[in-house]
Amino acid sequence: MSRVAYVNGIYVPHDQAVVPMDDRGYHFADGVYEVFSYNVNHVFVDAGPHFERLRASLAALNIPFSLSNHSLLIIMHELMRRNRCQEGFLYLQITRGIAAREHTVAHTLEPFMTLFIRPHVFKKDPPLLSVFTQPDIRWKRNDIKSIALLGNIMAKYGSFEQGGDEAWLINKDGFITEGSSTNAWIVDQHGVIRTHPGTRDILNGIVRQRLLKMVASLGFALEERAFTLDDALKAQEAFLTSSTKGVYPIVSINDHPVGKGGMGPITQSLQQAYWFFQHSLLQDDGKE
Ligand code: PDD
């Protein structure tokens, strides 16, 4: 069975899905996106917070968008049904619309929405990852989930070429902001869980937000305070989070082992807690 995609109101075979030449996403990366995970209970995990972030990204770019969360969910579930998808991801992109290439256009332009899915089984046992640091050369609004990701892509290649799985981005003040497509966490040498605060310097991940609540309820020490490479190299544990991965342990940073070199006990508790949450039926689906 071939995969099905959604192109602005029409369900089409994925390999025949095309976007118009004059899509502003294509000309200017003038658009935003979200990646949802979808579980075996036919639930989009934390859809409510994803919609909230989507609307914040659209508002920041002044892209008008009138579809309700309820209507979006109907389209998303229908796409999963047509793909007979049991478990996986859904990618949703909204661009400012279709117009001849001019830098500015009327705000009355109709936005253009595309969706596709990818089946994926979220394994209970995560892989052990290595990261390499790269300079954070991105713009100053990383809180917007923009489709312009060149700075992220360049960093990820920089890490891949050294054999890394992910890049950790270091800003001009020497702090690690986040990964190229994930949020960055350590358990510091004092046993405190640390991650960069949710400022404009990072994408405030939906898994990050969920994990902050879990950390509080599990009673671990936590500080939303940026850490340096030196802090990371002295850390007892390190891990990353994202909707496509959940919680994955990091066992080496710039070829130095983290802590004892395997998945640490705090990372393991959080990884398991998130895995069970991700597979649960009870979810905030964001329906008004
Ligand atoms: N990436 N930081 C960046 C730069 C990201 O691109 C992502 C997500 C995250 C984690 O956000 P969340 O927990 O909401 O998935 C942090 C998605 C998955 C991607 O681009 O594929």
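If you're wondering where the values come from, they're calculated on a predicted model, not measured in any experiment. (Residues numbered from 1 in each chain as written. Predicted model: local features only at pLDDT ≥ 70, side-chain atom pairs only at ≥ 80, totals over all residues. Heavy atoms only, no water.)

Participant: Mind showing me how you'd approach the pattern of salt bridges here?
Facilitator: Once the charged atoms of two side chains with opposite charge are near each other, the side chains can pair. For the structure shown, the criterion picks out 16 salt bridges. Lysine 156 is paired through a salt bridge with glutamate 166; the nearest N and O atoms lie 3.5 Å apart. Here lysine 156, found in helix α4 (residues 150–160), pairs with glutamate 166, found in strand β7 (residues 166–170); they are 10 residues apart in sequence, far enough to count as distant. As far as burial versus exposure is concerned, lysine 156 and glutamate 166 are alike and both buried. (Salt bridge = Lys/Arg side-chain N within 4 Å of Asp/Glu carboxyl O. Helix = DSSP H or I, 4+ residues; strand = E, 2+ residues; numbered from the N terminus. Buried < 20%, exposed > 50% of the residue type's maximum accessible area, 1.4 Å probe, protein only.)

Participant: How should the side chain of asparagine 152 be read in this particular structure?
Facilitator: For asparagine 152, the location among the structural elements is in helix α4. Setting aside anything within four residues of it in sequence, one finds asparagine 152 in contact with Arg138 and Ser180. (Contact = heavy atoms within 4.5 Å.)

Participant: Help me understand the environment of leucine 67, please; the structure alone is not making it clear to me.
Facilitator: Relative to the assigned elements, leucine 67 resides in the loop between α2 (47–60) and α3 (69–82). Along the chain, leucine 67 and tyrosine 33 lie 34 residues apart, while their C-alpha atoms are 15 Å from each other. Among all residues touching leucine 67, those that are not within four sequence positions of it are Arg55, Leu72, Ile75 and Met113.

Participant: It is not clear to me how the site of the ligand should be interpreted in this structure. Could you clarify?
Facilitator: Around the ligand, the structure places 19 residues, and the nearest of them are Tyr33, Arg53, Glu178, Ile206 and Ser243. Take arginine 53: an N or O atom from its side chain is 2.9 Å from an oxygen atom of the ligand. Protein coverage of the free-state accessible area of the ligand, which is 480 Å², stands at 90%. Counting only elements with at least two residues in the shell around the ligand, the list comes to β3 (31–38), β8 (175–179), α5 (206–218) and β13 (237–242). (Near = heavy atom within 4 Å. Polar contact = N/O pair within 3.5 Å; in protein donor to acceptor, adjacent residues only side chain to side chain. Areas by Shrake-Rupley, 256 points an atom, 1.4 Å probe, with all protein chains shown as cover.)

Participant: Would you explain the domain arrangement of the protein in this entry?
Facilitator: A common measure of how large an interface is: the accessible area buried when the components associate. The domain boundaries assigned to the protein delineate domain 1 (4–119) and domain 2 (129–279). Relative to domain 2, the C-alpha centre of domain 1 lies at a distance of 26 Å. Of the residues lining the interface, 25 residues belong to domain 1; the matching set on domain 2 comes to 18 residues. Carbon and sulfur atoms supply 62% of the area buried between domain 1 and domain 2, which totals about 1,800 Å² over both sides. A per-residue breakdown of the area domain 1 buries against domain 2 is headed by Tyr33, Asp46 and Arg53, which together make up 33% of the total. (Domains from an automatic or database assignment. Buried area = accessible area lost by both parts, 1.4 Å probe.)

Participant: Please clarify how the sheet that holds strand β2 (residues 10–13) should be interpreted in this entry.
Facilitator: Within a sheet, adjacent strands bond to each other through the backbone by hydrogen bonds, running parallel or antiparallel. The 5 strands are arranged β2-β1-β5-β4-β3 in an open sheet whose pairing can be described as antiparallel. Each edge of the sheet is formed by a strand with only one pairing partner; in this case those strands are β2 and β3. With direction set aside, neighbouring strand axes in the sheet form an average angle of 20°. Alignment of strand β1 (residues 4–7) against strand β5 (residues 112–119), held across 2 bridges, turns out to be antiparallel. (Pairing = 2+ DSSP bridges. Axes fitted to C-alpha atoms, helices over the stretch in contact; angles between N-to-C directions.)

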